[in-house]
Amino acid sequence: MKQSLTLGKVTKFIGLGFLSTIKDLFTGNIDKEDFKTLLRKTIVPLASILLFIGLWHMGAKALYNKEADFKIEKALTDQGQAAADAMEACIASGDVSCKPNTLPSPSQVWDSYKSLLRDHNIIAADKAAFKEKTAALNEKRVADGLDEITYTGRPSFVDQIFRSLKTVFAGFLLALLIAVPLGIFIGLSPTLKSAFNWFIQIFKPVSPVVWYLLVFMIVKTLLIDSNEDSSFTISFISVGLCSMWATLVNTAMGVSSVDKDYINVAKVLKLGSFQKIFKVVLPSSLPLIFTGLKITLSVAWMVLIAIELLAQSPGLGLFVWEEFQNGANDSNAKIIVAMFVIGIIGFLLDRLMLTIQNWVSFDKTDAI
Amino acid sequence: MSTIIEQNQSNIITDNGLFPSNEVMLDLKNLKKVYPTPKGDYVVLEDLNLQIRKEEFVTIIGHSGCGKTTMLSMIAGLNPISGGRISVLGKQIKGPGPDRGVIFQAPSLMPWMTALQNVLLGVNQVFPHATKAQRNDIAKYYLQKVGLEDAFNKRASDLSQGMQQRVGIARAFAIKPKVLLLDEPFGMLDSLTRGELQDILIEIWNKEKITAVMITHDVDEAIFLADRVVMMTSGPKAKIGDILDIEFERPRTRKSVLEHDDYYKYRKHLIDFLEH
């Protein structure tokens, strides 16, 4: 049977159903009830975003003034009126040396965002030029059996994002490859369940920082002969180990709680264990496995920042840390930009998982 | 009748002597089921003896909780027996197997599979040496028989309860079991759908003549479908209370059964037993 793919179905599938209501608004086929839904789903969030930005703006201003007043006051008590006036003039001019260093305002953050993008374009152009310049040389070097010359310049903000995504997906994949099979075995066998239970209970609540240190101890020794930078390996393994627990527990639960009727059918038909697992047990536990995977991905993304920071592995976490250490004029604003980017990517990853879950799972009502 | 002649001819009579052993498909002997509880053992069934002949349709009726379902799941091999023995064609059963097909109360289809895949799940298992096309044909044949020729590729989760149970019927017949066990298969359906499915069941059964044991709460259903209605006493220690032979000719239609003079006699017999 062929099903037509409409905008409504697609948007609903990826959890953005309100988009189709907007389309209805433009095509004119909308009734009062739909209009109310539209209001609730678009206008209200929009208004709350504006409110949030407004409050942020006022809050940032108040913090700015407080710090500025304090600086002037301090100059006055320490060095007298002339110094206070100089300080006031300096602050008003926006000079870096005396500017209050506090929560940046929304407009500053927006400016930083644009400057980060500009910076990215410059670096990208630089990289392309470098590549062009070394293309002929590299060809020759490869032919001679030598390593290629690679671009070693500073990574841009966008490069950091992709590097972080790479780390998180590598970690997620590792978690998936460990947790799903292990979860299946634990769910199928009560013996394995009691063998692993203490392990799960103890290691599940361990903090990302400790996981990082543990992985560091092990990987450092394992790669002791290698000259390569191990920070990526260490960070993705740590991310995987931190985040796999939700999938492990959910898979085990899903597998051990398959509907008794399905198991009875499998028994009556005398399905072999392979068939039983792949035709009955796994499909029926898919919704729970995916719930676990969804949690795993969001945990992976969350701990990634802390782990990159510790591991000095390039990415958003390191970016945030470097900006904080840097203390430049717009460092705080850049940190806030990174915060929003992290949040938005986290949201998109969650949507991605939801879409995949809807795709593969039979139980359409279960997905939230 | 041929059965009478055979009975006269043969001296091979089983020890409790109801039917000649070569006619018996399913034999329950001194069957016992005990559930251990903290307050001591709870005896569900005790000394239950029942023989079911080949090509016979037997319905079992009794009050809720009397152990009908326990008995059926023991025959299916899904529930271990505490005493006595169950044999199919003289061979004691060991666990569940496709020689005893089951139609469960809930349709128990795999909701992520299509109707066809659900039937094929069993067919592939029972006919491993058939070609893929042959197995497909078997599955499709039975789905057609239950009136689902337009729903081969619909997911089970998209089918109505009644249609799901039709797939359940097709799945059970398609594996060609020796005995068909039906555990109140229509209990969850509305009366209109139930009537439809009874007709489908009896139509397909008339053709296949698979020995069937069916649990029901519905007196009319019990009479309409059965050659014999087995009445079970209330538990604990439930056993066979009475057996009623239904002598309507086959194939039956609902109309001819309802209009038959004996119908109300049978019905009264059953209701008297249940209200006793």
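Since we're looking at a predicted model, the values are computed, not measured.

Engineer: Before we go on, may I ask you to explain helix α9 (residues 231–256) of chain A in this structure?
Structural biologist: Owing to its 3.6 residues per turn, the α-helix aligns residues three or four sequence positions apart on the same side. Residue and element names in this part refer to chain A. For α9, with 26 residues, the first-to-last C-alpha span of 38 Å sits near the 38 Å given by 1.5 Å per residue. Maximal helix bending in α9 amounts to about 40 degrees, located at Met 244. Of all the 26 residues making up α9, 21 are buried; the element is thus mostly covered by neighbouring parts of the structure.

Engineer: Is there a simple way to explain the packing of aromatic side chains in this structure?
Structural biologist: Residue and element names in this part refer to chain A. On inspection of all chains with the given rule, the structure shows 19 aromatic pairs over all chains. Relative to Phe 278, the ring of Phe 274 has its centre 4.7 Å away and its plane inclined at 40 degrees; by these criteria the two rings are tilted. Separated by four residues within a single helix, Phe 274 and Phe 278 lie in helix α11 (residues 273–311), roughly one turn from each other. Its relative accessible area of 47% is what places Phe 278 among the partly exposed residues. One aromatic cluster in this structure is built from Phe 196, Trp 198, Phe 199, Phe 203, Trp 211 and Trp 245. Its guanidinium or amino end placed over the ring of Phe 232, Lys 166 lies 5.0 Å from that ring's centre, counting from NZ or CZ.

Engineer: Sorry if this is basic, but what is going on with the interface of chain B and chain A here?
Structural biologist: By a widely used convention, the size of an interface equals the accessible area lost when the partners come together. Counting residues at the interface gives 22 residues for chain B and 18 residues for chain A. Of the roughly 1800 Å² buried between chain B and chain A on both sides combined, carbon and sulfur atoms contribute 71%. Interface area lost by chain B to chain A is led by Trp112(B), Leu121(B) and Gln125(B), which between them contribute 30%. For the pair chain B and chain A, the interface holds zero salt bridges. On the surface where chain B and chain A come into contact, there are three residue pairs in polar contact (both at pLDDT 80 or more). Elements supplying a minimum of two residues to the side of chain B that touches chain A: β6 (100–103) and α3 (115–126) of chain B.

Engineer: What exactly am I supposed to notice about the domain arrangement of chain A here?
Structural biologist: The domain boundaries assigned to chain A delineate domain 1 (7–93) and domain 2 (155–360). Between the C-alpha centres of domain 1 of chain A and domain 2 of chain A the distance comes to 33 Å.

Engineer: What is the right way to look at the environment of Leu76(A) in this model?
Structural biologist: All names here are of chain A. Residue placement: Leu 76 occurs in helix α3 (residues 32–79). Among the residues examined, Leu 76 registers a relative accessible area of 34% and is labelled partly exposed. For the pair formed by Leu 76 and Val 258, sequence separation is 182 residues and the distance between their alpha carbons is 74 Å. Beyond its immediate sequence surroundings of up to four residues, Leu 76 is in contact with Gln 81 and Ala 84.

Engineer: What is the right way to read the pattern of salt bridges from this model?
Structural biologist: A side chain of one charge can pair with a side chain of the opposite charge if their charged atoms are brought near each other. All names here are of chain B. Taken as a whole and judged by the stated rule, the model has 18 salt bridges over all chains. We note a salt bridge from Glu 208 to Lys 176, for which the minimum N-O separation is 3.8 Å. Here Glu 208, found in helix α6 (residues 191–208), pairs with Lys 176, found in the loop between α5 (161–174) and β7 (179–183); they are 32 residues apart in sequence, far enough to count as distant. Each of the salt bridges in this network shares a partner with another, and the network as a whole consists of Arg 53, Glu 56 and Arg 228.

Engineer: What is the right way to read the sheet that holds strand β1 (residues 24–37) of chain B from this model?
Structural biologist: Remark on secondary structure: sheet strands pair via backbone hydrogen bonds, oriented parallel or antiparallel. All names here are of chain B. Spatial ordering of the open sheet is given by β2-β1-β4-β5, a layout of four strands whose pairing is antiparallel. The two strands at the open ends of the sheet, each matched to only one other strand, are β2 (40–53) and β5 (91–92). Sheet topology note: the β1/strand β4 (residues 83–88) ladder contains five bridges and is antiparallel. Bridge pairing in β4 links Lys 29 to Arg 85.

Rules of the game
- Each chain has its residues counted from 1, running along the sequence as written.
- All chains are assigned letters beginning with A, and all ligands numbers beginning with 1, in the order in which they are written.
- Local features in this predicted model are restricted to residues of pLDDT 70 or higher, and side-chain atom pairs are both shown and tallied only at a pLDDT of 80 or more, whereas totals for entire chains, interfaces and linings draw on every residue.
- Water and hydrogen atoms were dropped before computing side-chain values, which therefore reflect all heavy atoms in the structure.
- Numbering of helices and strands runs from the N terminus; a helix is a DSSP stretch of H or I covering at least four residues, while a strand is a stretch of E covering at least two.
- What a helix is expected to span follows from its residue count: subtract one and scale by 1.5 Å.
- To obtain the bend at a residue, axes are fitted to the seven residues ending there and to the seven starting there, and the angle between these axes is taken.
- Here the term buried applies to any residue with accessible area under 20% of the maximum for its type, exposed to any over 50%, and partly exposed to those in between, with areas from a 1.4 Å probe on protein chains only.
- Two rings belonging to Phe, Tyr or Trp (six-membered ring only in the last case) form a pair when the distance between their centres is within 6.5 Å. Interplanar angles under 30 degrees mark stacking, angles over 60 mark edge-to-face geometry, and anything in between is tilted.
- A ring has a charge above it when a Lys NZ or an Arg CZ is no more than 6 Å from the ring centre and no more than 35 degrees off the ring normal.
- Any two residues whose heavy atoms approach within 4.5 Å are treated as being in contact.
- Once two parts are put together, the accessible area they lose, assessed with a 1.4 Å probe and summed over both, is termed the buried area.
- In the sections that follow, a salt bridge refers to a side-chain nitrogen of Lys or Arg positioned within 4 Å of a carboxyl oxygen of Asp or Glu.
- In the analysis that follows, any N or O atom pair within 3.5 Å is treated as a polar contact, provided that within protein one partner can donate a hydrogen and the other can accept it, and provided that, for residues neighboring in sequence, both atoms belong to side chains.
- An automatic or database domain assignment supplies the residue ranges for each domain.
- When DSSP finds two or more bridges between a pair of strands, those strands are recorded as paired.

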